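# Fold and geometry: a report
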Amino acid sequence: MPKVATINVRNFRALADVLRSLGADPAQILESAGHEPDLFDRPEKTILYTDLDRLLSEAIRATGCRDLGLHVGVLQGIDAAGLVGLVSMNSVTVRDALGAIIAGLKTTDSGGAVWLDVRNGTATSGYSVVIDCVRNVEQFCDASVAILVNAMRQFCGADWRPDRVYLMNKTPQDLERFAQFFRAPVEYRAPASKITFNSAVLDWPVKAHDAAYREILTPILEKAIESARGDFMFAVKSMLNSHAGDRRLTRPGVSRALGISVHILSRRLKSAGVTFTDLAEQLKIERAQSLLLKGKHIAEISSDLGFADVSSFTRAFKKRVGRAPSQWRGMRMTGRRDSA
């Protein structure tokens, strides 16, 4: 189990199109969930897996769609997975293609895992969430199985279909749409999200694969797999930044979100030369500096960042920066004009 689970925006980018199709504004939902409104325009950005979980909760609340994961999966192909997708699409056989996904997924998604099991002529493949404290497990898993079906059709041809599909969520509201998509018997409320198919398919050649692309891309993916790991400080900073004004975000809250104990959180921060309190305050002041340069009122910044009052904010800012917020902003703005 990874100590810190993250995921690339490209892995769930189709969520933006799904939200629009449901009449919702993606930017508004992103802001409500504590994300930058242009997040979907930055496919290489990495966020916490738990932050995506919170985004899904907000999206489901805003749209009333409890099948959101399936909608996302139907629209997203394996090519959206970047390097992993390109290597899989240019593999020799379907077995090789799935192997590339299984091994390479951790480079862009360390919160879940694709798996493959072959027994008695039947292949079973699915997706499992590998960390705790995730509310929307069925959304993640069902979306991933739909993406997996899209991937198999890219490998085998558009007419391919699984023998059977198992999904964790309740029977969807738009039952007919998903029946047409899977073109196979579907069991809902299953204990795991997965598909089954004849294992002979694993030895089929991947359609339209390119040996030259494979030779170029495979070593790059192998290197990425070797270096893939959860970045602890990035994860803690991401959590604190996304909840900068929430006074309730405590050590236990951050620890739960990262899937580690309070003791391990404190110990790893100490090894990095910081304490939880110092890091939280430092990031608040960095956020304040950014807001000051954007012209936001000091009282608004103080409130947004969770300070008791303007005086408390000013003292904390001056302690870190050496000057009061208004003085610091004046000097920076003057410097900008002079250099212009």
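Above this text you will find the structure in question.
All figures in this text were calculated on a predicted structure; none of them were measured in a lab. By convention here, each chain's residues receive numbers from 1 onward along its written sequence. The predicted nature of this model means local features are confined to residues of pLDDT at least 70 and side-chain atom pairs, given and counted, to a pLDDT of 80 or more, with totals for whole chains, interfaces and linings taken over all residues. Here the side-chain values reflect all heavy atoms present in the structure, with hydrogen atoms and water set aside.

### Regarding the overall build of the protein chain
Condition: Strands here are runs of E lasting at least two residues and helices are runs of H or I lasting at least four, both read from the DSSP assignment and numbered beginning at the N terminus. The rule is simple: take the accessible area with a 1.4 Å probe, protein chains only, and divide by the maximum for that residue type; under 20% is buried, over 50% is exposed, in between is partly exposed. Contact between two residues is taken to exist if any of their heavy atoms lie within 4.5 Å; hydrogens are not considered. All accessible areas in this document rest on Shrake-Rupley with a 1.4 Å probe, and a residue is counted as covered only by the protein chains that are shown. Within this scheme the basic residues Lys and Arg register as positive and the acidic residues Asp and Glu register as negative, but His and the chain ends are omitted. Charged groups are reduced to one reference atom each: NZ for lysine, CZ for arginine, CG for aspartic acid, CD for glutamic acid.
A count of helical and extended segments in the protein chain gives 16 helices and seven strands. Principal axes of the C-alpha set define a box for the protein chain whose edges measure 70 × 45 × 45 Å. The 340 residues of the protein chain split such that 48% are buried. Sequence separation of at least 24 residues holds for 68% of the intrachain contacts in the protein chain that already meet a minimum separation of 6. Of the roughly 16800 Å² of accessible surface on the protein chain, 49% is carried by carbon and sulfur atoms. Taken as two groups, the 46 positive and 37 negative side-chain charges of the protein chain have centres that lie 7 Å from each other.

### Topic: helix 7 (residues 137-156)
Cut-off, in case you're wondering: Expected helix span is given by 1.5 Å per residue-to-residue step, counting one fewer step than there are residues.
For helix 7, which comprises 20 residues, the first-to-last C-alpha distance of 28 Å matches the rise-based estimate of 28 Å (1.5 Å per residue) to within 8%. Within helix 7, 17 of the 20 residues are buried, which leaves the element mostly enclosed by the surrounding structure. With its phi angle positive at about 115 degrees, Gly157 sits one or two positions after the end of helix 7.

### Overview of the sheet that holds strand 6 (residues 186-187)
Put simply, the rule reads: Strand pairing is defined by DSSP finding a minimum of two bridges between the two strands.
One open sheet holds the five strands; their spatial order is 3-4-7-5-6, and the pairing between them is mixed. Of all strands in the sheet, those bounded by a partner on one side alone are strand 3 (112-119) and strand 6.

### Let's talk about the packing of aromatic side chains
Defined as follows: The aromatic pairing rule takes the rings of Phe, Tyr and Trp, using the six-membered ring of Trp, and pairs them if the centres are within 6.5 Å, calling planes under 30 degrees apart stacked, those over 60 edge-to-face and the rest tilted.
Counting across every chain of the model gives seven aromatic pairs. Their ring planes at 80 degrees and their centres at 5.7 Å tell us that Trp160 and Phe197 sit as a pair that is edge-to-face. Of this pair, Trp160 sits in the loop between helix 7 and strand 5 (164-166) while Phe197 sits in strand 7 (residues 193-198), and the two are 37 residues apart along the sequence. Using a relative accessible area of 7% as the deciding quantity, one classes Trp160 as buried.

### Side note on the pairing of strand 4 (residues 122-129)
Every other side chain in a regular strand lies on the same face of the sheet, so the side chains alternate between the two faces. Burial of strand 4 is extensive: six of the eight residues sit out of reach of the surface. Bridge count for strand 3 against strand 4 is eight bridges, and the pairing is antiparallel. In the sheet register, Arg119 faces strand 4, and the bridge partner there is Thr122. Pairing analysis gives six bridges linking strand 4 to strand 7, with the strands arranged antiparallel. Following the sheet pairing, Thr122 is matched in strand 7 by Asn198.

### Describing the nonpolar core
Rule in force here: For this analysis, a nonpolar core means a set of buried residues of the types Ala, Val, Leu, Ile, Met, Phe, Trp, Tyr and Cys, connected via side-chain atoms within 4.5 Å.
Among the nonpolar cores identified, the biggest contains 69 residues, and Phe12, Met152 and Phe155 are the most heavily contacted of them. At ten residues, the largest contribution of residues to this core is made by helix 7. Setting aside anything within four residues of it in sequence, one finds Phe155 in contact with Ile78, Ser88, Met89, Val94, Ala97, Leu98, Ile101, Pro205, Val206 and Lys207. Counting residues in each nonpolar core, the second largest holds 13 residues, with Ile285, Leu293, Ile301 and Phe317 among its members.

### Side note on the pattern of salt bridges
Going by this rule: By definition here, a salt bridge exists when the distance from a side-chain nitrogen of Lys or Arg to a carboxyl oxygen of Asp or Glu is within 4 Å.
Under the criterion given, the structure shown has eleven salt bridges. Salt-bridge contacts for Asp117 lead to Arg119; the nearest nitrogen and oxygen are separated by 3.1 Å. One salt-bridge network, in which partners are shared between bridges, spans Asp278, Glu281 and Arg320.

### Re helix 15 (residues 310-321)
The test is simple: Summarising the geometry, the arc corresponds to the directions from the helix axis toward the C-beta atoms. Polar contacts, as used here, are pairs of N or O atoms within 3.5 Å; protein pairs need one atom able to donate a hydrogen and one able to accept it. Residues neighboring in sequence count only if both atoms are side-chain atoms.
For helix 15, which comprises twelve residues, the first-to-last C-alpha distance of 16 Å matches the rise-based estimate of 16 Å (1.5 Å per residue) to within 8%. Residues of helix 15 that are buried: Ser312, Phe313, Ala316 and Phe317. The buried residues of helix 15 occupy an angular sector of 125 degrees when the element is viewed end-on, so they sit on one face. Projecting away from the buried face of helix 15 at angles above 90 degrees are the exposed residues Arg315 and Lys319. Sitting at the amino-terminal end of helix 15 is Asp309, which places a side-chain oxygen 3.2 Å from the backbone nitrogen of Ser311. Residue Gly322 follows helix 15 closely and has a positive phi angle near 95 degrees.

### Some remarks on the environment of Ala33
Locating Ala33 in the fold gives a position in the loop between helix 2 (26-32) and strand 2 (46-48). Residue classification places Ala33 among the buried positions, given a relative accessible area of 4%. Expressed as a C-alpha distance, the spacing of Ala33 and Asp51, which sit 18 residues apart in the sequence, is 8.1 Å. Here Ala33 is in contact with Arg54, Leu55 and Glu58, once residues within four sequence places are set aside.

### Looking at the environment of Ala280
With respect to the helices, strands and loops of the structure, Ala280 is situated in helix 13 (residues 276-293). Taking the C-alpha atoms as reference, Ala280 lies 41 Å from Gly99; in sequence the two are 181 residues apart.

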